[in-house]
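Commentary on secondary and tertiary structure
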Amino acid sequence: VQLQASGGGLVQAGGSLRHSCAASGRTFSSYGMGWFRQAPGKERGFVAAISSSGGSTYYADSVKGRFTISRDNAKDTVYLQMNSLKSEDTAVYYCAGTYASIASGSYFRLSSSYGFWGQGTQVTVSS
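In this report, we go over the structure that sits alongside the text. (Residues numbered from 1 in each chain as written. Predicted model: local features only at pLDDT ≥ 70, side-chain atom pairs only at ≥ 80, totals over all residues. Heavy atoms only, no water.)

1. Looking at the pattern of salt bridges
Counted only if it meets this: The salt bridge criterion pairs a side-chain nitrogen of Lys or Arg with a carboxyl oxygen of Asp or Glu, the two atoms within 4 Å. Segments assigned H or I by DSSP are reported as helices when at least four residues long, segments assigned E as strands when at least two residues long, and all are numbered from the N terminus. Remark: exposure states derive from per-residue accessible area (1.4 Å probe, protein chains only) relative to the maximum for the residue type, with buried under 20%, exposed over 50%, and partly exposed in between.
Applying the stated criterion across every chain yields a total of three salt bridges. Measuring nitrogen to oxygen at the nearest pair gives 2.9 Å for the salt bridge that ties D89 to R37. Note that D89 is positioned in the loop between β8 (77–82) and β9 (91–98) and R37 in strand β4 (residues 32–38), a separation of 52 residues in sequence. Classification of R37 by relative accessible area gives buried; the value is 14%. The residue D61 makes a salt bridge to K64 at a minimum N-O spacing of 3.3 Å. Accessibility assignment for this pair places D61 and K64 in one class, exposed.

What follows is the structure in C-alpha cells.
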C-alpha cells in the first residue's frame, strides 16, 4: 500500500488547512488510518485516527475540538481538517495506515501499530 499526502503549507495563527492522504490498492476500506506529526527536535506524536468504517475517531488532547479526521472510502482518501491553528501545530505531518480495521484508542495512538506511511508534509503556522 502506498500513501500520497498533500495539503501542507504556511498559514497564519488562527487559520485553517486541510491535509489529504490518498491510498493505492483496493482494500483501503479495511484499514484504520491515522495522522502523526513531528516538530523539530521532538519525537513523532499521535494526532488523530479513524477506524476503517469511519465510525470511530480518536484525537490527541492538544488538537481535540480543532482538528477533524475523516475518510472517503469511495475515494481511498483520508483527510485531516485543521482549524484554529496555533504556532505549536508547526510540524511535519504524516499519514499512516494499519491493517487493524477497528481497535482500541490506545492501539491507534501508537506509531508502532501502523504498517505503512506516507511522506511527510510540512505545516508552518506563523504567529
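So much for the structure itself; the text now carries on.
2. What about the state of the cysteines?
So the rule is basically this: Put simply, a disulfide is two cysteine sulfurs that come within 2.5 Å.
For the structure on display, the rule yields one disulfide. Two residues share a disulfide in this structure: C21 and C95, whose sulfurs sit 2.0 Å from each other. Residues C21 and C95 are joined through a disulfide that is right-handed, its torsion about the S-S bond being 55°. With C21 in strand β3 (residues 17–23) and C95 in strand β9, this residue pair connects regions lying 74 residues apart in the sequence. C95 shares its class with C21; the two are buried.

These results come straight from atomic positions and should not be treated as a statement about function.
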